[in-house]
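One-letter residues, chain by chain:
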Amino acid sequence: MISVVRRHRAALVPLVAIVCVLGLPMLPTTPAPSLARVRAVDGVALTVSDAERAAEFYTRVLFFEKMSDYELPGSDSRVRIVRMHLGDELIELIEDPAAARSLQRVAIVVNDIEQAYLWLRRHRVQPVSPPADWNRETAVIRTVHFNDPDGHPLELVEFPADKGADRWRRPTDRIFLGIDHSAAVDAELREAALSPTGHTEAGHRVP
């Protein structure tokens, strides 16, 4: 199951009043259906087999902070949802026995990919690819690929000083900064462009 939470704002077409030839107003025309426009990505939702284990991984290894932890009662099984954040971005870990595993990639921005890579190794995250450069022609974007305990593909991204959103360049002593949704999309496009001879690391293809 892939789920991305979005905020929408409806755009309504104004009603038009039509005046008949006798000067009496007619009823307004039926308004056009509202058009949903995606204004921003609120967060990422991942289905997990064990919410406690997943939350511990994202907290201890990736420095996410828990916001809420609750259960939704069901007739046959319970659904547990752990909501967390890293910086300004949100993630939901959903333990639902009836749901399939999520396949969505999550790209986490770091300010020092070498230190982040050593941190993953220190916490025995396996498999994990060593830091690699991407897009050398225009800007050296460094990446590390690995998986969480449920096998979701994760990626660490370090942008050069002149690339990425301004918020990634704010002075901070934190290494793990937040989720970059555009980086996740770029990663999917990068994998799709690989030839059949490309190799695989951390459970998915990398350049």
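Criteria and thresholds
Residues numbered from 1 in each chain as written. Predicted model: local features only at pLDDT ≥ 70, side-chain atom pairs only at ≥ 80, totals over all residues. Heavy atoms only, no water. Helix = DSSP H or I, 4+ residues; strand = E, 2+ residues; numbered from the N terminus. Buried < 20%, exposed > 50% of the residue type's maximum accessible area, 1.4 Å probe, protein only. Contact = heavy atoms within 4.5 Å. Areas by Shrake-Rupley, 256 points an atom, 1.4 Å probe, with all protein chains shown as cover. pLDDT = per-residue confidence, 0-100. Polar contact = N/O pair within 3.5 Å; in protein donor to acceptor, adjacent residues only side chain to side chain. Pairing = 2+ DSSP bridges. Phe/Tyr/Trp six-rings, centres within 6.5 Å; stacked < 30°, edge-to-face > 60°.

Considering the overall build of the protein
- The helix and strand tally for the protein stands at three helices and 12 strands.
- Sorting the 207 residues of the protein into buried and exposed places 37% on the buried side.
- Considering only contacts within the protein whose residues lie at least 6 apart along the sequence, 60% involve residues at least 24 apart.
- As displayed, the protein has an accessible area near 12200 Å², and 56% of this comes from carbon and sulfur atoms.

Notes on the confidence of the model for the protein
- Here the protein averages 73 in pLDDT, and 65% of its residues register 70 or above.
- Here residues 1-41 is a poorly scored stretch, pLDDT under 50, and it has 52 contacts once near neighbours within four places are set aside; other chains count.

Some points on the side chain of H152
- Within the fold, H152 resides in the loop between β8 (141-147) and β9 (153-158).
- Residue classification places H152 among the buried positions, given a relative accessible area of 0%.
- For H152, the side chain forms a polar contact with the main-chain oxygen of T47, separated by 3.0 Å.
- Side-chain polar atoms of H152 contact the side chain of D148, separated by 2.7 Å.

A few points about unusual backbone geometry
- Along the chain, Q126 connects to P127 via a cis peptide bond; the corresponding omega equals -10 degrees.
- Here P127 shows up in the loop between α2 (113-122) and β7 (132-134).
- We note that R124 has phi near 60 degrees; this positive angle belongs to a residue other than glycine.
- As for its placement among the helices and strands, R124 is situated in the loop between α2 and β7.

Here we look at the pairing of β9
- Across the six residues that make up β9, a large majority, five, are buried.
- By the bridge criterion, four bridges tie strand β6 (residues 106-110) to β9 in an arrangement that is parallel. By the bridge assignment for β9, V109 is matched with V157.
- Note that β8 and β9 share six bridges and pair antiparallel.

A few points about the packing of aromatic side chains
- In this structure the tally under the stated criterion is four aromatic pairs.
- Each ring, one from Y58 and one from F64, has its centre 5.4 Å from the other, and the planes form 80 degrees; the classification is edge-to-face. The same class applies to Y58 as to F64, namely buried.
- Each member of the aromatic cluster is reached from another via a ring pair, and the members are F57, Y58 and F64.

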